[in-house]
Amino acid sequence: MSDCIFCKIIKGEIPSTKVYSDEHATAFRDIQPAAPTHILIVPNRHIDSINAMTADDEQTVGYLFSVAKKIAAQEGIAEGGYRLIINTNADAGQTVFHIHLHLLGGRRMGVMA
Ligand code: DGP
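Since we're looking at a predicted model, the values are computed, not measured.

Colleague: Explain the side chain of His100 residue by residue, including any values.
Modeller: Mapped onto the fold, His100 is located in the loop between strand S4 (82-85) and strand S5 (101-105). At 2.7 Å, the side chain of His100 forms a polar contact with the backbone oxygen of His98. Contact partners of His100, with chain neighbours within four places excluded, come to Phe6, Leu40, Ile41, Val42, Ile85 and Ile86.

Colleague: So what's going on with the sheet that holds S4? Residues and values would help.
Modeller: Pairing is antiparallel across the open sheet formed by five strands, whose spatial order is S1-S2-S3-S5-S4. Edge positions in the sheet fall to strand S1 (18-21) and S4, since each has one partner strand and no second. Direction aside, the axes of adjacent strands within the sheet are offset by 20 degrees on average. Note that S4 and S5 share four bridges and pair antiparallel.

Colleague: Can you explain the side chain of Asp57? Please cite residues and give values.
Modeller: The residue Asp57 is located in the loop between strand S3 (37-43) and helix H2 (58-75) in this model. The class of Asp57 is buried, set by a relative accessible area of 5%. One polar contact links Asp57 to Arg45, side chain to side chain, over a distance of 2.8 Å. If we ignore the near neighbours within four places in the chain, the residues touching Asp57 are Arg45, Ile47 and Ala52.

Colleague: Can you tell me about the site of the ligand, naming the residues and giving the values?
Modeller: What surrounds the ligand is a group of 16 residues, the closest being Asp30, Gly93, Thr95, His100 and His102. Backbone polar atom of Ile31 to a nitrogen atom of the ligand: 3.3 Å apart, as the coordinates give it. One of the side-chain nitrogen or oxygen atoms of Asn87 is found 2.8 Å away from an oxygen atom of the ligand. The set of elements that each furnish at least two residues to the shell around the ligand consists of helix H1 (5-11) and strand S2 (25-29). Ranked by the residues each element gives to the shell around the ligand, the list is headed by H1, at three residues. Its residues placed into classes, the shell around the ligand shows seven nonpolar, seven polar and two charged.

Thresholds applied
- Throughout, residues of each chain are indexed from 1 in the direction in which the sequence is written.
- With the structure being a predicted model, the display of local features is reserved for residues of pLDDT at least 70 and the display and counting of side-chain atom pairs for 80 or more, all residues being used for whole-chain, interface and lining totals.
- The basis for every side-chain value is the complete set of non-hydrogen atoms in the structure, without hydrogens or water.
- Strands here are runs of E lasting at least two residues and helices are runs of H or I lasting at least four, both read from the DSSP assignment and numbered beginning at the N terminus.
- Pairing of N or O atoms within 3.5 Å defines a polar contact, subject to two protein rules: one partner must be a possible hydrogen donor and the other a possible acceptor, and residues neighboring in sequence count only if both atoms are side-chain atoms.
- Note on definitions: a residue-residue contact is assigned when non-hydrogen atoms from the two residues lie within 4.5 Å.
- For two strands to be treated as a pair, DSSP must find no fewer than two bridges joining them.
- For helices, the fitted axis covers only the stretch in contact; all axes are lines through C-alpha atoms, and the angles between them, taken along N-to-C directions, range from 0 to 180 degrees.
- For the exposure calls, accessible area comes from a 1.4 Å probe over protein chains only, and a residue counts as buried if that area is under 20% of its type's maximum, exposed if over 50%, partly exposed in between.
- We call a residue near a given molecule or strand whenever any one of its heavy atoms falls within 4 Å of it.
- Lys, Arg, Asp and Glu make up the charged group, whereas Ala, Val, Leu, Ile, Met, Phe, Trp, Tyr, Cys and Pro make up the nonpolar group; the residues left over, Gly among them, are polar.

Written out as structure tokens, the structure is:
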């Protein structure tokens, strides 16, 4: 999508601190980190949200978790632990409508709100 900020990051049209990329997914540091490690893992193909997912997207979205596992090890937080979150629509606080998996770690997480 031409006006999607994450599509622009994937294409390198706007700057970001990328930590991983391959033909299916890209990961970069969140601009407003909520933890010492806060990385967003996104599919290279634009999908608005989990609500917009179709059966064809299952592999792509599932793959984000494999990338998260790899990055958690790379960041040295795999053993200590980490949290993976996908916000969907307003009540969850989704602000960017391109599916993204938040990888949070490097501190002890509180109880989920
Ligand atoms: P969410 O609330 O789940 O939609 O999370 C969107 C996240 O995206 C939020 O934590 C801030 C981050 N974000 C928004 N714009 C940018 C950007 O231009 N660059 C980077 N690196 N992160 C962004």
